Amino acid sequence: MALKGTITYKGIDVADTHAVVVRANQDCNYSFNQEDNSVVKTLKAYALVRFYKDKAAYEADKGNYYNQAEIAFIPSVANGANLNIIKQSYLAMKAMDAYKDMTDV
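These figures come from a predicted structure and were not determined experimentally. (Residues numbered from 1 in each chain as written. Predicted model: local features only at pLDDT ≥ 70, side-chain atom pairs only at ≥ 80, totals over all residues. Heavy atoms only, no water.)

Engineer: How should the packing of aromatic side chains be read in this particular structure?
Structural biologist: Given two aromatic rings, one states the distance between the centres and the angle between the planes to describe the pair. For the structure on display, the rule yields 4 aromatic pairs. Ring centres 6.1 Å apart and planes at 75 degrees place the aromatic pair Tyr52 and Tyr65 in the edge-to-face group. One end of the pair, Tyr52, is in strand E3 (residues 38-52); the other, Tyr65, is in the loop between helix H1 (55-60) and strand E4 (67-73), and 13 residues separate them in sequence. Within the aromatic cluster, the residues linked to one another by ring pairs are Tyr52, Tyr58 and Tyr65. Above the ring of Tyr58, the side-chain terminus of Lys62 is found at 4.6 Å from the ring centroid. (Phe/Tyr/Trp six-rings, centres within 6.5 Å; stacked < 30°, edge-to-face > 60°. Helix = DSSP H or I, 4+ residues; strand = E, 2+ residues; numbered from the N terminus. Lys NZ or Arg CZ within 6 Å of the ring centre and 35° of its normal.)

The following block contains the structure:
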């Protein structure tokens, strides 16, 4: 699973960029609301994405990426949602302006 598309890196458009989520995790934090004595649950997810020149560069050497970025999003835990955090990371990326034109590969 990966995304493919054009990414602008340091002012240069890199066509056929191969974007791969290499790490994803989610956190659940609880806080106390003093106004109504309730407990508030907050979900957050983070993913580390590495960008390769193209799929061939990724397959040849997974350590030879030209950039990486960490994305943050709120994971879905709704009934019927795909609970796979890696898949949710790719969906979150495609919802961001910088990656909205990328396609699944």
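Still more to cover.
Engineer: Could you clarify how one ought to interpret the nonpolar core in this entry?
Structural biologist: Across soluble globular proteins, nonpolar side chains show a tendency to be buried alongside one another. Ala19, Phe51, Tyr90, Met93 and Tyr99 are the most contacted members of the largest nonpolar core, which totals 20 residues. Among the secondary structure elements, those contributing two or more residues to this core are strand E1 (3-9), strand E2 (12-33), E3, E4 and helix H2 (85-94). Among the elements that take part in this core, E3 stands out by supplying 5 residues, more than any other. Excluding residues that lie within four positions of it along the chain, Tyr99 makes contacts with Ile7, Phe51, Ala69, Ile71, Met93 and Lys94. (Core = buried A, V, L, I, M, F, W, Y, C linked by side-chain atoms within 4.5 Å. Buried < 20%, exposed > 50% of the residue type's maximum accessible area, 1.4 Å probe, protein only. Contact = heavy atoms within 4.5 Å.)

Engineer: Which parts of the structure should I look at to understand the sheet that holds E2?
Structural biologist: Sheet strands pair by backbone hydrogen bonding; their relative direction is either parallel or antiparallel. With respect to topology, 5 strands assemble into an open sheet ordered E4-E3-E2-E1-E5, the strand pairing being antiparallel. The open sheet terminates on both sides in strands that have one partner only, identified here as E4 and strand E5 (103-104). Looking at chain direction, E1 and E2 are connected through 6 bridges and run antiparallel. Paired with Ile7 across the bridge in E2 is Val14. Across the face of the sheet, H2 comes into contact with E1, E2, E3, E4 and E5 while running at roughly 115 degrees to E2. (Pairing = 2+ DSSP bridges. Axes fitted to C-alpha atoms, helices over the stretch in contact; angles between N-to-C directions.)

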